[in-house]
Amino acid sequence: MRDFKDTALLQVEGLTKRYGARIGCADVSFDLWPGEVLGIVGESGSGKSTLLSCLAGHLTPDHGRVLYQGRDTLAMNEPERRVLGRTDWAFVHQNPRDGLRMGVSAGGNVGERLMAVGARNYGAIREAATDWLARVEIDAGRIDDRPRQFSGGMQQRLQIARNLVTGPKLVFMDEPTGGLDVSVQARLLDLLRGLVRDMGLSVILVTHDLAVARLLADRLMVMQGGHVIEHGLTDQVLDDPQAPYTQLLVSSVLQV
Amino acid sequence: MIEIENLSKSFTLHNQGGATIPVMAGAHLSVAPGECVALTGASGAGKSTLMRMIWGNYLAASGSIRVGGLDITRAAPREIIALRRDTLGYVSQFLRVVPRVPTLRVVAEPLLSLGTPEAQAEARAAELLAQLNIPERLWSLSPTTFSGGEQQRVNIARGFVHGYPALLLDEPTASLDATNREVVLRLIEDAKARGAAIVGIFHDEAARARVCDREVDVTGFTPAAARGAA
């Protein structure tokens, strides 16, 4: 169940990243609350991936603050940030190859994250890995197979298991259903919705697919040229868009 | 329970020359617990627009919409999300679900998001699906492949699975046969009896006469009518 607390999980203030003279993202501010899914939509080059990378600490912004549970993540030292990345945070890449170790077995991929946070008992780690493979609908018999023997959809589900096994609070997702067949996408969307609800996850989801945004996100931010040009309840932004660009974006899609 | 004051709405079409089209002005509506109010008026008069503004997916230009004390026009997204979870239900004409999710789960979902244990939520969902004559062999299938009438009934089951204190109903009896129409009308009567405030659009005149306490013609809320009254 999603519970509401009175403090935001993540507070972002005036986040700006430039690549030389070009704007990556400019002056982005928002709060993310526990259990909330925030979708970031926009065309390629709109700055949504840059923003996600700055939030997750993969890129250093030029200005602004990212407070996680009140702590300034940009002011943290590298070991502190690494601990956060292994415990409270998770990052699901568009391409599973960026988030998995392709030479390590499926069970190893999941178990490795547990070991990184101190798990040592082999039996318990294997049991947790088996449990998580089942939760993402991967047959237990595939636990010793390597991810390169898996289909794209299975690889993506394995990446999700690897990320969620440590029980994070905040998950960054970069086009998690991109590059998958429509039927595989649907299965993944169902899985993600269930996990978000059952684990009370907060999610920042970057996607260019408005149908995916409608089904997963509570709120949407629309980006264009590095700026957030519209922000609101998902169905309000999609059904009654206010900004010229959002109107164009929504009207260009075949039924969402 | 639902209080609307001096509500107005306009659409600005930025990609069609920036034309601003005022569609509503000076709308007032008050719905008490246990009351069902029908919105009437010709097609295009603004019935659906008003419903969507109450639901919060259309923004108001001015005025206020209070549901259970929360002003939708000023509320933060997360407050509206919470309101939709506990207080405000909506049976729309279209079923919008994640493909592949079984019908039983689609119907149980509003209860699951309220934290109801799975077994209890699914038992309640099963009860409603049975009442609405959806054959049990379909419950494990996704409703995306169902007929229009079946989808409509799944939507209704989902909208009535939790006892929302306020309900929006968009043509709840459209495309239903006589038996299922009767089931839906009883569900509406039961909701009223437990104190739900209901706003609905009913083209089915007999249904409207039976479950609605009042009719409000939204033609009175068009900008032209508002100018005439001023």
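Residues numbered from 1 in each chain as written. Chains lettered and ligands numbered in written order. Predicted model: local features only at pLDDT ≥ 70, side-chain atom pairs only at ≥ 80, totals over all residues. Heavy atoms only, no water.

In the nomenclature of an unreviewed UniProt entry, chain B is known as Phosphonate C-P lyase system protein PhnL of Thioclava marina.

Chain A carries the name Phosphonate C-P lyase system protein PhnK in an unreviewed UniProt entry, which gives Thioclava marina as its organism.

Trainee: I tried to follow the overall build of chain B on my own but got confused; where do I start?
Mentor: Along chain B, the regular secondary structure elements total 8 helices and 9 strands. Its C-alpha radius of gyration of 18 Å places chain B within 12% of the 17 Å reference for a compact globule of 230 residues. Structurally, chain B occupies a C-alpha span of about 55 × 35 × 35 Å along its principal axes. Among the 230 residues that make up chain B, the fraction classed as buried is 52%. Long-range contacts, defined here as pairs at least 24 residues apart, represent 69% of the contacts in chain B between residues at least 6 apart. (Helix = DSSP H or I, 4+ residues; strand = E, 2+ residues; numbered from the N terminus. Rg over C-alpha atoms; globule rule 2.2 N^0.38 Å. Buried < 20%, exposed > 50% of the residue type's maximum accessible area, 1.4 Å probe, protein only. Contact = heavy atoms within 4.5 Å.)

Trainee: Please explain the packing of helix α6 (residues 152–164) of chain A against helix α7 (residues 182–199) of chain A as it appears in this structure.
Mentor: For any two helices packed against each other, one specifies the crossing angle of their axes together with the interaxial distance. Residues and elements named next belong to chain A. Packing of α6 against α7 brings their axes to within 10 Å, and their N-to-C directions diverge by 15°. Relative to α7, the element α6 lies roughly parallel. The way α6 lies across α7 gives a crossing that is right-handed. Of α7, the residues touching α6 (which contributes Gly153, Gln156, Arg157, Ile160 and Leu164) are Val184, Arg187, Leu188, Leu191, Leu192, Leu195 and Met199. When its residues are assigned to classes, the contact of α6 with α7 shows 8 nonpolar, 2 polar and 2 charged. (Axes fitted to C-alpha atoms, helices over the stretch in contact; angles between N-to-C directions. Parallel < 35°, antiparallel > 145°, perpendicular 65-115°, else oblique. Left-handed = near helix turned anticlockwise from the far one by under 90°. Nonpolar A, V, L, I, M, F, W, Y, C, P; charged D, E, K, R; others polar.)

Trainee: How should I be thinking about the packing of aromatic side chains in this particular structure?
Mentor: For any pair of aromatic rings, the description consists of the separation of the ring centres together with the inter-plane angle of the planes. Applying the stated criterion to the full structure yields 5 aromatic pairs over all chains. Ring plane angle 75° and centroid distance 5.2 Å describe the contact between Trp89 of chain A and Phe172 of chain A, whose orientation is recorded as edge-to-face. With Trp89 of chain A in strand β6 (residues 89–92) and Phe172 of chain A in strand β7 (residues 170–174), the pair connects residues that are 83 residues apart, well separated along the chain. Taking 5.0 Å as the distance between ring centres and 50° as the angle between the ring planes, the aromatic pair formed by Trp55 of chain B and Tyr90 of chain B counts as tilted. Here the residue Trp55 of chain B occupies a position in helix α1 (residues 47–55), and Tyr90 of chain B occupies one in strand β6 (residues 88–91), the gap between them amounting to 35 residues. One aromatic cluster is present, formed by Tyr68, Trp89, Phe91 and Phe172 of chain A through successive ring pairs. Lying across the ring of Phe11 of chain B, Lys9 of chain B places its NZ or CZ 4.6 Å from the centre. For the cation-ring pair, Arg78 of chain B lies above Trp33 of chain A, with the distance from its terminal atom to the ring centre recorded as 3.5 Å. (Phe/Tyr/Trp six-rings, centres within 6.5 Å; stacked < 30°, edge-to-face > 60°. Lys NZ or Arg CZ within 6 Å of the ring centre and 35° of its normal.)

Trainee: Teacher, can you tell me more about the interface of chain A and chain B here?
Mentor: By a widespread convention, an interface's size corresponds to the accessible area lost as its parts come together. With 29 residues of chain A at the interface, the matching set in chain B holds 29 residues. Taking both partners together, chain A and chain B bury about 2,600 Å²; carbon and sulfur atoms supply 54% of that area. Counting across the interface, chain A meets chain B through 7 salt bridges. On inspection of chain A and its partner chain B, the count reaches 13 residue pairs in polar contact (both at pLDDT 80 or more). Breaking the side of chain A that touches chain B down by element, the ones donating at least two residues are α7, α8 (210–216), β10 (227–233), α9 (234–239) and α10 (244–251) of chain A. The leading source of residues in the side of chain A that touches chain B is α7 of chain A, at 6 residues. Its residues assigned to classes, the side of chain A that touches chain B shows 11 nonpolar, 4 polar and 14 charged. (Buried area = accessible area lost by both parts, 1.4 Å probe. Salt bridge = Lys/Arg side-chain N within 4 Å of Asp/Glu carboxyl O. Polar contact = N/O pair within 3.5 Å; in protein donor to acceptor, adjacent residues only side chain to side chain.)

Trainee: Looking at this model, I keep getting lost on the pairing of strand β8 (residues 197–201) of chain B. Mind explaining?
Mentor: Working note: regular strand, side chains alternate between the two faces of the sheet. Residue and element names in this part refer to chain B. In terms of residue burial, β8 counts as a mostly covered element, since 5 of its 5 residues are buried. Note: strand β7 (residues 166–170) against β8, 5 bridges, orientation parallel. Of the residues in β8, the one forming a bridge with Ala166 is Ala197. Crossover connection from β7 via helix α6 (residues 178–193) to parallel β8: handedness right-handed. (Pairing = 2+ DSSP bridges. Right-handed = clockwise from strand over helix to strand, strands pointing away.)

Trainee: How should the sheet that holds strand β4 (residues 62–67) of chain B be read in this particular structure?
Mentor: Remark on secondary structure: sheet strands pair via backbone hydrogen bonds, oriented parallel or antiparallel. Residues and elements named next belong to chain B. What the 4 strands build is an open sheet, ordered β2-β1-β4-β5; its pairing is antiparallel. Each end of this open sheet is capped by a strand with a single partner; those strands are β2 (19–31) and β5 (70–71). Where β4 lies against β5, 2 bridges are found, and the strand directions are antiparallel. Bridged to Val67 within β5 is Leu70.

Trainee: Hey, could you run me through the sheet that holds strand β8 (residues 202–206) of chain A in this one?
Mentor: Strand order in the open sheet made by the 6 strands is β6-β7-β8-β3-β9-β10 (chain A), with mixed pairing throughout. The strands lining the two open edges of the sheet, one partner per strand, are β6 and β10 of chain A. Within this sheet the neighbouring strands show an average axis-to-axis angle of 15°, counted without direction. Looking at chain direction, β6 of chain A and β7 of chain A are connected through 4 bridges and run parallel. What sits directly across from Val92 of chain A, in β7 of chain A, is Met173 of chain A. α10 of chain A rests against β9 (219–224) and β10 of chain A of the sheet, and its axis sits at about 105° to β9 of chain A. Along the sheet, helix α2 (residues 77–86) of chain B contacts β9 and β10 of chain A; its crossing angle with β10 of chain A, the most-contacted strand, is approximately 25°.

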